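Commentary on secondary and tertiary structure
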Amino acid sequence: MWCIYFLLCVLLPICIPVPEVAVVLWGTGRIGSVGAFLLGVAGSVLGLAVMYTFSSLMACRILRGRKEKRQLAWLQQLTGQYGCLVLGVLFIVPLVSDEVLCAGSAFLKIPLPRFLKIGIIAKILSVGMAAFSGSLGALCGLKHWQVIAGEVLLMLAASACLRHFGKGGKNGYEGIHTDCGR
């Protein structure tokens with residue numbers, strides 16, 4: 001069961017269209033909170049690295065059309081000066097899939113070490129919230145809304161950490177790579 005859960009966590013940011021929370025909650029029920037947390041973070045970060053690398057290699061092929069370049073310019077404008085902070089928050093709050101975030105980060109030339117730092121912090125929070133929220137609430141005698149409020153405070157603390165790691169360069173990335181060696 002451990003191997004299946006780990007493999008699912010690795011494949012989540014690459015090709016599985018299932019919310020991370022569902023997989024982590026399934027893993028928590030099968031292998032426990034601590035195992036689900038440790039394997040979930042390790043598997044997710046490994047999957048992020050693989051997807052980022054794949055996206056970097058495929059950037060030239062994907063960016064051939066005008067529509068793709070416009071969408072990427074929109075993403076660059078959205079991230080603006082808080083690019084890495086926005087990236088970290090989007091990893092935690094499931095508004096955009098991890099596949100899109102990996103590909104966008106590769107296209108925006110966010111360096112892999114910075115991307116992985118952001119991914120590690122974000123995955124510790126997102127996987128940890130899913131894996132430990134039920135047991136933490138029961139252990140502390142907290143109501144559901146109190147656990148959610150605590151998780152929001154953790155997200156605010158994470159954004160401060162992400163702001164620290166996201167420093168460097170004007171926008172935290174080098175720009176869009178669209179020439180593809182032409």
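Along each chain, the written sequence defines residue order, and numbers are assigned to residues from 1. It should be noted that, the model being predicted, local features are given only for residues of pLDDT at least 70 and side-chain atom pairs only at 80 or more, the latter also being counted only at that level, while totals for whole chains, interfaces and linings use all residues. Think of the side-chain values as coming from all heavy atoms in the structure, minus any hydrogens and water.

**Some remarks on the environment of L48**
Counting from the N terminus, the helices are the DSSP runs of H or I reaching at least four residues and the strands are the DSSP runs of E reaching at least two. Structurally, L48 is set in helix α3 (residues 33–62). Here the term buried applies to any residue with accessible area under 20% of the maximum for its type, exposed to any over 50%, and partly exposed to those in between, with areas from a 1.4 Å probe on protein chains only. When its relative accessible area of 0% is taken as the criterion, L48 is described as buried. The sequence separation of L48 and D98 amounts to 50 residues, and the corresponding C-alpha distance is 7.6 Å. Other than its neighbours up to four places away in sequence, L48 contacts P13, F91, D98, C102, F115, G119 and K123. When checking whether two residues touch, look at their non-hydrogen atoms; a contact exists if any pair is within 4.5 Å.

**Details of the pattern of salt bridges**
Each salt bridge in this description consists of a side-chain nitrogen of Lys or Arg and a carboxyl oxygen of Asp or Glu lying within 4 Å of one another. Summed over all chains, the structure comprises two salt bridges. For D98, the salt bridge identified is with K123, shortest N-O distance 2.7 Å. Of the two residues, D98 is situated in helix α6 (residues 98–107) and K123 in helix α7 (residues 112–140); the sequence distance between them amounts to 25 residues. In this structure, D98 and K123 share a single accessibility class: buried. If you follow the salt bridges from partner to partner, you end up with E20, D98 and K123 in one network.

**Quick notes on the packing of helix α2 (residues 20–31) against α7**
Where α2 contacts α7, the axes come no closer than 8 Å and their chain directions differ by 55°. The pairing of α2 with α7 is recorded here as oblique in orientation. Classified by chirality, the crossing of α7 by α2 is right-handed. Of the residues in α7, those in contact with E20, V21, V24, L25 and T28 of α2 are K123, S126, V127, A130 and A131. In this description, a line fitted to the C-alpha atoms serves as the axis of each element, helices being fitted only across the stretch in contact, and the angle between N-to-C directions of two axes falls anywhere from 0 to 180 degrees. Angular relationships are summarised with four words: roughly parallel below 35 degrees, roughly antiparallel beyond 145, roughly perpendicular across 65 to 115, and oblique for the angles in between. Crossing chirality is assigned from the near helix's rotation relative to the far helix, an anticlockwise turn below a right angle marking it left-handed and a clockwise turn marking it right-handed.

**Re unusual backbone geometry**
A positive phi is found at K109, a non-glycine position, where the angle reads about 60°. Tracing the backbone shows K109 in the loop between α6 and α7.

**Thoughts on α6**
In terms of residue burial, α6 counts as a mostly covered element, since nine of its ten residues are buried. When α6 is considered as a whole, its buried residues turn out to be D98, E99, L101, C102, A103, G104, S105, A106 and F107. Just beyond α6, the residue with positive phi is K109, at close to 60°.

**Looking at the packing of aromatic side chains**
Note on aromatic contacts: the rings of Phe and Tyr and the six-membered ring of Trp form a pair at centre separations within 6.5 Å, being stacked when their planes are under 30 degrees apart, edge-to-face when over 60 apart, and tilted otherwise. Taken as a whole and assessed by the stated rule, the structure comprises three aromatic pairs. Plain terms: the ring middles of F37 and F132 are 5.3 Å apart, the flat faces sit at 50° to each other, and that makes the pair tilted. Placement of the pair is F37 in helix α3 and F132 in helix α7, with a sequence separation of 95 residues. Take F37: its relative accessible area is 18%, and that puts it in the buried class.

**Thoughts on the nonpolar core**
Residues belong to one nonpolar core when they are buried, are Ala, Val, Leu, Ile, Met, Phe, Trp, Tyr or Cys, and are joined through side-chain atoms within 4.5 Å. Of all hydrophobic cores here, the largest spans 19 residues; its most connected members are L87, F91, I110 and F115. Those elements giving two or more residues to this core turn out to be α3, α5 (83–92), α6 and α7. With six residues, the single largest contributor to this core is α7. If you look at the next biggest cluster of nonpolar residues, it comprises 15 residues, including L12, L39, V41 and A131.

What is shown is where atoms sit, not what they do.
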